[in-house]
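Each chain, written out:
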Amino acid sequence: MDPLPVHDPKLDFLHLVQSLEGEFAGKQALLEVKGGQDRAILVSVTSASRTEAEASMEELTELAYSSGIAVAERIIQRQQKINPKYLLGRGKLSELVLRALQLGVDLLIFDQDLNPSQVRSITDFTELRVIDRTQLILDIFAQRAKSREGKIQVEMAQLKYMLPRLVLKDDALSRLTGGIGGRGPGETKLEINRRRVRDRIARLEKQLQQVRKQRGQRRGLRLRAGLPIISIVGYTNAGKSTLLNTLTHSKEQVEDRLFATLDPASRRLRFPRDQEAIITDTVGFIRDLPSDLKEAFGATLEELRHADLLLHVIDISNPMFEEQMKAVEELLEELDLHLIPMLRIFNKVDLVQDQGYLQNLCKRNGAIGVSALNGDNLTSLVEAMEKRLPMVPTGSRSHPTFH
Ligand SMILES: Nc1nc2c(ncn2[C@@H]2O[C@H](COP(=O)(O)OP(=O)(O)OP(=O)(O)O)[C@@H](O)[C@H]2O)c(=O)[nH]1
Ligand SMILES: [Mg+2]
């Protein structure tokens, strides 16, 4: 539009605004996905073996499902040399765009972590939304966090993930806020955004410290009650919450989804011989846990430090159980928790047909086979737990205030 005289604009603003909104609405409708659910193509570009790539893809599918995304197609591309810009070759990427159009997909999820410039190149080339495994996990955590602490931790992890990625979103728009009073000296929109994000992270950190102090006090009460603490750890979806429920007759949320539990719960557990303990559920582990999340949830896992016994729950019906077991125990070691006595529990034995094979596995791994769901063999588990706990002579402890 040409410049207009201020005192006599001769312009029907209402009409202008309405027609613009009409145009926006028209564009929007084209982008909307039917049913309101995201549909995605999962992509893995890797030099790993076929079995590894497929197992990883299987887990990515589970993650997508847990986040409420419909998976339209899965593509595994195995290649020795990976294109640094797009991961896939340009030709393959064009095919992918076509496929996305055919399937009505507007989202690509990569199993590999993408750096900011890769996200940008692929988004520009395909005009599809592009996210990676880390973002997907962050998204699930964001959907599921319920406690104040959980929410703060997730938001912090998301902001930290976003921060380096803001750099590249700086375009012509960065100068929009220019002009007197509109900004600090020489500050662009991008810098303002980054500063805001950093400020927000700092504020969240303070809040988090506060929440933790309160929780520390609660834990203090518990410890003063003199009860030993048993912590349930294990890969996500292994059946940790189910075990807690069955052992303590409670009703924690159990779901066939990854990361059903984000907010750890504690319960009292009474042993047959008048021994009592506190038993706590924890956030599930996953292999290659995004580092921002590891940091964010480090403090939650930090609580494990106070445990007298770790129950490591392993889903024996999962074909990848050995890798999962290893991933969990490596993370425990990384957190310096490997010195706490640990009991391996092979859960979901009801799904295993071959009893001989099962017994062999248990023996080889020093594990107890149970079914948290139908209670199989829980008595021997309780006995084993009791044996490994420090005995608290009755009468020497004050009345527990925790419930
Ligand atoms: N068949 C069978 N299924 C089980 C058993 N234990 C748990 N499950 C199922 O496994 C799924 C996951 O159980 P959860 O207790 O939510 O697992 P979790 O380890 O707490 O998982 P997250 O909180 O997501 O990390 C649910 O669908 C349970 O019903 C078992 O012994 N046998
Ligand atoms: Mg759980």
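One recurring pattern in soluble globular proteins is that nonpolar side chains are buried together. Counting 40 residues, the largest nonpolar core has Leu-63, Ile-109, Leu-136, Phe-141 and Phe-259 as its most contacted members. Elements with a contribution of two residues or more to this core: strand E1 (39-46), helix H2 (50-66), strand E3 (107-110), helix H5 (133-144), helix H6 (148-166), helix H9 (291-302) and helix H10 (321-334). Residues contacting Leu-136, with those up to four places away along its chain left out, are Leu-60, Leu-63, Ala-64, Ser-67, Ile-69, Ile-109 and Ile-131. Counting residues in each nonpolar core, the second largest holds 24 residues, with Leu-243, Ala-277, Ile-345 and Leu-389 among its members.

Our focus in this paragraph is the site of ligand 1. Lining the immediate environment of ligand 1, one finds 23 residues, of which Lys-240, Thr-242, Ala-260, Thr-261 and Asp-350 sit closest. Between an oxygen atom of ligand 1 and a main-chain N or O atom of Ala-260, the distance comes to 2.6 Å. A distance of 3.0 Å separates an oxygen atom of ligand 1 from a polar side-chain atom of Ser-371. Contact with the protein chains hides 91% of the accessible area of ligand 1, taken as 650 Å² for the molecule alone.

Take helix H4 (residues 116-126) next. Along H4, the positions that sit buried rather than exposed are Gln-118, Val-119, Ser-121, Ile-122 and Thr-126. Projected down its long axis, H4 shows its buried positions confined to an angular sector of 165 degrees, all on one face. Close packing links the buried residues of H4 with helix H3 (90-103), E3 and strand E4 (129-132). Following H4 by one or two positions, Glu-127 adopts a phi angle in the positive range, close to 55 degrees.

On the basis of which strands lie adjacent, the open sheet formed by four strands has the order E2-E1-E3-E4 and parallel pairing. Two strands lie at the open edges of the sheet, namely strand E2 (70-78) and E4, each paired on one side alone. Across this sheet, the average inter-strand angle for adjacent strands is 20 degrees, counted without regard to direction. Sheet topology places E3 next to E4; four bridges connect them, and they run parallel. When the sheet's bridge partners are listed, Leu-107 is paired in E4 with Arg-129. The sheet strands contacting H2 are E1, E2 and E3, and the helix crosses E2 at an angle near 160 degrees. Across the sheet, H5 touches E3 and E4, and the angle it forms with E4 is around 85 degrees.

Take the environment of Glu-302 next. You can see Glu-302 is positioned in helix H9. For Glu-302, a relative accessible area of 38% gives the class partly exposed. Separated by 34 residues in the primary sequence, Glu-302 and Asp-336 have C-alpha atoms spaced 9.8 Å apart.

A word on the pattern of salt bridges. This structure, assessed with the given rule, holds 20 salt bridges. A salt bridge links Arg-50 to Glu-54; the nearest nitrogen and oxygen atoms lie 3.7 Å apart. On the criterion of helical spacing, the pair formed by Arg-50 and Glu-54 is a turn pair, its members being four residues apart in helix H2. On the basis of relative accessible area, Arg-50 is assigned to the partly exposed category, the value being 46%.

Let's shift gears to the packing of aromatic side chains. For any pair of aromatic rings, geometry is given as the distance between the ring centres together with the angle between the planes. Under the criterion given, the structure shown has three aromatic pairs. When the centroid spacing of 4.7 Å and the interplanar angle of 55 degrees are considered together, the rings of Phe-141 and Phe-259 count as tilted. On the criterion of sequence distance, the pair formed by Phe-141 in helix H5 and Phe-259 in the loop between helix H8 (240-248) and strand E6 (266-270) is long-range, its members being 118 residues apart. According to the relative accessible area criterion, Phe-141 is buried, its value standing at 2%. One residue, Arg-257, lies across the ring of Tyr-65, its end atom 5.1 Å from the ring centre.

A separate point is the pairing of E6. Note: E6 against strand E7 (residues 276-280), five bridges, orientation antiparallel. When the sheet's bridge partners are listed, Ser-266 is paired in E7 with Thr-280. Taking the residues that link successive antiparallel strands as the turn, the E6-E7 hairpin has five residues, and the phi of Asp-274 there is positive, at about 60 degrees.

By the criterion of burial, strand E5 (residues 229-234) is predominantly enclosed, with six of the six residues buried. Side chains Ile-229, Ser-231 and Val-233 of E5 all project onto a buried face; the interleaved residues Ile-230, Ile-232 and Gly-234 project onto the opposite face, where all are buried too. In the sheet, E5 pairs with E7 via three bridges, with the strands oriented parallel. Paired with Ser-231 across the two strands is Thr-280, which belongs to E7.

A few words now on H2. Because the α-helix completes a turn every 3.6 residues, residues three or four places apart line up on one side. Over its 17 residues, H2 extends 24 Å from the first C-alpha to the last, a length consistent with the 24 Å expected when each residue adds 1.5 Å. Those residues of H2 that sit buried are Ala-53, Ser-56, Met-57, Glu-59, Leu-60, Thr-61, Leu-63, Ala-64 and Ser-66. Summarising the contacts, the buried residues of H2 are in contact with E1, E2, E3, H5 and H10.

Rules used in this analysis
Residues numbered from 1 in each chain as written. Chains lettered and ligands numbered in written order. Predicted model: local features only at pLDDT ≥ 70, side-chain atom pairs only at ≥ 80, totals over all residues. Heavy atoms only, no water. Core = buried A, V, L, I, M, F, W, Y, C linked by side-chain atoms within 4.5 Å. Buried < 20%, exposed > 50% of the residue type's maximum accessible area, 1.4 Å probe, protein only. Helix = DSSP H or I, 4+ residues; strand = E, 2+ residues; numbered from the N terminus. Contact = heavy atoms within 4.5 Å. Near = heavy atom within 4 Å. Polar contact = N/O pair within 3.5 Å; in protein donor to acceptor, adjacent residues only side chain to side chain. Areas by Shrake-Rupley, 256 points an atom, 1.4 Å probe, with all protein chains shown as cover. Arc of directions from axis to C-beta. Pairing = 2+ DSSP bridges. Axes fitted to C-alpha atoms, helices over the stretch in contact; angles between N-to-C directions. Salt bridge = Lys/Arg side-chain N within 4 Å of Asp/Glu carboxyl O. Phe/Tyr/Trp six-rings, centres within 6.5 Å; stacked < 30°, edge-to-face > 60°. Lys NZ or Arg CZ within 6 Å of the ring centre and 35° of its normal. Expected span 1.5 Å × (residues − 1).

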